[in-house]
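So you can see what is in the structure, the chains are spelled out below.
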Amino acid sequence: MIVRIWHGYARPENADLYESLLKPEVLPGISKLQGYRGTFFARRDVGPEVEFVTIMLWESIDAVKAFAGSNYDVAVVPEERRRFLSRWDQRSAHYEVISHP
């Protein structure tokens, strides 16, 4: 299993609006992609910003590539969500899961 981790940051006045766009699906239709295993969202206040962490679960790196393309580490941030973020990681990090319950 592969986890794809990405961080985005919003001003406090935009944080609830951004969060509302994450539900119920991180991206339209993603739950229908082969190899997609779910997403966790996390949020915390960090000084003058609110940090969001997206942790996506994928069956394999090939499933990630089917979602994000051959340059799969480039972040996928839909245009309509960018207006609520003050900044975001340009690249996602990928990790092989070596242990889970």
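Residues numbered from 1 in each chain as written. Predicted model: local features only at pLDDT ≥ 70, side-chain atom pairs only at ≥ 80, totals over all residues. Heavy atoms only, no water.

S.K.: So what about the packing of aromatic side chains? Which residues, and what values?
M.R.: In this description, an aromatic ring pair is defined by two values, namely the gap between the centres and the angle between the planes. Here the structure, examined in full by the defined rule, presents three aromatic pairs. Look at Y18 and F52: their rings are 4.9 Å apart centre to centre, the planes differ by 65°, and that puts the pair in the edge-to-face class. One end of the pair, Y18, is in helix α1 (residues 12–21); the other, F52, is in strand β3 (residues 49–58), with 34 residues separating them in the sequence. Taking relative accessible area as the criterion, Y18 reaches 3% and is therefore assigned buried. Their ring planes at 25° and their centres at 5.1 Å tell us that W58 and F67 sit as a pair that is stacked. Across the pair, F67 and W58 agree in class, each one buried. Through successive ring pairs, a cluster of aromatic residues spans Y36, W58 and F67. In this arrangement the basic side chain of R87 is found over the ring face of Y9, its NZ or CZ atom lying 3.8 Å from the centre. (Phe/Tyr/Trp six-rings, centres within 6.5 Å; stacked < 30°, edge-to-face > 60°. Helix = DSSP H or I, 4+ residues; strand = E, 2+ residues; numbered from the N terminus. Buried < 20%, exposed > 50% of the residue type's maximum accessible area, 1.4 Å probe, protein only. Lys NZ or Arg CZ within 6 Å of the ring centre and 35° of its normal.)

S.K.: How would you sum up empty space enclosed by the protein? Please name residues and give values.
M.R.: Under the counting rule described, the total for this entry stands at one cavity of 30 Å³ or more. Here the largest cavity defines a volume of roughly 180 Å³. Taken together, 15 residues form the lining of the largest cavity, with W6, V26, T54, M56 and V76 sitting closest to its centre. In terms of residue class, the lining of the largest cavity is built from eleven nonpolar, two polar and two charged. (1 Å grid on protein atoms, 1.4 Å probe; cavity = no way out; pocket = protein on both sides within 12 Å on 5 of 7 lines; lining within 4 Å. Points joined across faces, edges and corners; volume = space filled by probe spheres on them. Nonpolar A, V, L, I, M, F, W, Y, C, P; charged D, E, K, R; others polar.)

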